[in-house]
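What follows is each chain in one-letter form.
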Amino acid sequence: DLGERDFKNIGEGFHVYRLRGEIGRHRFQVAPRSSPQKRAKRPHSLAVIPIEFPAGNEDSKYLAEGIAEELIVELGRFKKLFVSSRSATTTLGDEKTGPIDIGNKLGVRYVLGGSLRQLGKMVRLSLSLSETETGDVVWSDRMSLPFNELVDELDKLVNRIAATVLGRIEESDIASARRMVPESMSAYECHLRGLEYHRLGGITDENLENALGWFERAIEADPDFARPRAMWVCARSGLPEFDWGDGEKRTQRALELDPNDPEANRVMGSILMHRGAFASARMHHEKAMALSPSDAYIRARSAAFYNFDGDPNRALKLLDEADELDPFLPVWCVEERAAALYNADRYAEAVDAALGLTFQTRRSRLYLAASLAALGDLDGARKVITEALAATSDLNSRFVEDQELYRDPKVREKLIRRLTEAGLPTAPGDQRR
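Below: a short report on this structure.

About the criteria used
Residues numbered from 1 in each chain as written. Predicted model: local features only at pLDDT ≥ 70, side-chain atom pairs only at ≥ 80, totals over all residues. Heavy atoms only, no water. Helix = DSSP H or I, 4+ residues; strand = E, 2+ residues; numbered from the N terminus. Buried < 20%, exposed > 50% of the residue type's maximum accessible area, 1.4 Å probe, protein only. Contact = heavy atoms within 4.5 Å. Axes fitted to C-alpha atoms, helices over the stretch in contact; angles between N-to-C directions. Parallel < 35°, antiparallel > 145°, perpendicular 65-115°, else oblique. Left-handed = near helix turned anticlockwise from the far one by under 90°. Pairing = 2+ DSSP bridges. Core = buried A, V, L, I, M, F, W, Y, C linked by side-chain atoms within 4.5 Å. Patch = residues over 30% accessible without salt bridge, like charges linked within 9 Å, V, L, I, M, F, W, Y side chains within 5 Å. Areas by Shrake-Rupley, 256 points an atom, 1.4 Å probe, with all protein chains shown as cover. Salt bridge = Lys/Arg side-chain N within 4 Å of Asp/Glu carboxyl O.

## Section: the side chain of Ser-115
Piece 1. Mapped onto the fold, Ser-115 is located in strand E5 (residues 110–119).
Piece 2. In this structure Ser-115 comes out as buried when scored by relative accessible area, which is 17%.
Piece 3. Beyond its immediate sequence surroundings of up to four residues, Ser-115 is in contact with Ile-51, Glu-52, Arg-124, Leu-125 and Ser-126.

## Some thoughts on the packing of helix H9 (residues 226–236) against helix H11 (residues 262–274)
For any two helices packed against each other, the geometry comes down to the angle between their axes and how far apart the axes lie.
Piece 1. It is the contact of H9 with H11, at a shortest axis distance of 9 Å, that shows an interaxial angle of 30°. Here H9 is positioned roughly parallel relative to H11, judged by the angle of their axes. Of the two elements, H9 crosses H11, and the hand of that crossing is left-handed. Each of Arg-227, Ala-230, Met-231, Val-233 and Cys-234 in H9 lies in contact with H11, whose residues at this interface are Pro-262, Glu-263, Ala-264, Arg-266, Val-267 and Ile-271.

## Here we look at the pairing of strand E3 (residues 45–48)
Each regular strand displays side chains that alternate between the two surfaces of the sheet.
Piece 1. What you see with E3 is no split at all: Ser-45 and Ala-47 on one side and Leu-46 and Val-48 on the other are buried throughout.
Piece 2. As defined by bridge partners, E3 adjoins strand E4 (residues 82–83) across 2 bridges and the pair is classed as parallel. Of the residues in E4, the one forming a bridge with Ser-45 is Phe-82.

## Notes on the nonpolar core
Piece 1. In this structure, Leu-366, Leu-415 and Leu-419 are the most contacted members of the largest nonpolar core, which totals 77 residues.
Piece 2. Setting aside residues up to four positions removed in sequence, Leu-366 forms contacts with Ile-385, Leu-395, Phe-399, Val-400, Leu-419 and Leu-424.
Piece 3. Grouped together as the second largest cluster of nonpolar side chains are 31 residues, Ala-64, Leu-71, Leu-150 and Ile-169 included.

## Comments concerning a nonpolar patch on the surface
Piece 1. A surface patch of nonpolar side chains, amounting to about 290 Å² of accessible area, comprises Phe-7, Ile-10 and Phe-14.
Piece 2. On the secondary structure map, Phe-7 appears in the loop between strand E1 (3–5) and strand E2 (14–16).
Piece 3. Overall, Phe-7 belongs to the partly exposed group, its relative accessible area being 40%.

## Considerations on the pairing of strand E6 (residues 122–131)
Piece 1. Counting buried positions along E6 gives 7 out of 10 residues, so the element sits mostly inside the fold.
Piece 2. Sheet topology note: the E5/E6 ladder contains 10 bridges and is antiparallel. Each bridged residue has a counterpart across the sheet, and for Tyr-110 the counterpart in E6 is Glu-131.
Piece 3. Following E5, the chain reverses through 2 residues before pairing antiparallel with E6; Gly-120 in that reversal takes a positive phi of roughly 65°.
Piece 4. Looking at chain direction, E6 and strand E7 (residues 137–146) are connected through 9 bridges and run antiparallel. Looking at E7, one finds that Ser-126 is bridged to Arg-142.
Piece 5. Remark: 5 residues form the turn of the hairpin made by E6 and E7, two consecutive strands paired antiparallel; Gly-135 in that turn has positive phi of roughly 85°.

Distances and angles like these do not, on their own, reveal function.
Here you go:
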């Protein structure tokens, strides 16, 4: 009996008891299976196993258990990821079990584990992510922090770890799908192949066309799978002559199948933005981020909405948060920083942001050229436009008009004027000079 205790943010006290002995360990007791069986592995699935800690160190024990619990909760917030429950991992017992055995017993493709060591006032947390077919480690990291700082920053640390783990799982799954024979691929694996091409879509139209083909295969394999329907629309919107009305119908169908799919909500937000319904578009983007708060990709892509809505500083803040969560985002997410800096009139920084990309996309070249033009370097801007036209010969002012969906049309007109001065062709019938 621990008596009355007060709790933060709760007005009344509670009478508290501590369970001890056998009943105190009851939550960790599971009935043995009559015969262990190998379970089919779910796509995009993960088990967080207990984090190891030095024997006899109660502080480390509770901290290790707390971190594992928080990781399960945070990773479970990603709708695209299946996370095995805490009670399921306790069925493994105390024996040293490798990733392959864990994958077979729990039906998961990945295992996240690690160890916690306390050295004086410092705490060292080591984590590794292993796939369960071969047991290979696909990601590992080690972080050392003062004990008090680790406790205070636990939420941020867990969010960053969760986002990084999700990114590495997706990369590993895409690599596995790439090696498969198309005829044997599931709807989810076809979706992953489409996602791979989609993330290269800003380089050539061919990538987007390949993405569409794979998303169509995913939809054909599983008509109730919402996400490839939304991603088909996202990929198709990057190609000329996109039918926004058809895109809205397709995305609405995805939301009917799964109203809480973050990507479907984000894509619907972009479509509504194109229609000029910025208030509704904001609601869908906010919902997408709320549904998957540690998804760096969702945050980075939602930054574009705020940039188009006239709030480039909010866009930059979201990009900073996304980068902190996952520093390995695809280029066509990171390119938004150059656009936001351009709209904040920070042209020199926009040039640095565009030039700092691992490779240039059509959009990054356009904002690089516009920033150079704004700085008075028309020769440099013309050189960039020449490179952009060499990669995409039919690039013209219509592409900018269709893709850069600014709430204030004067912003888009100013952008197009700078680009045409730098040599971007005007579209047929366009009277701009």
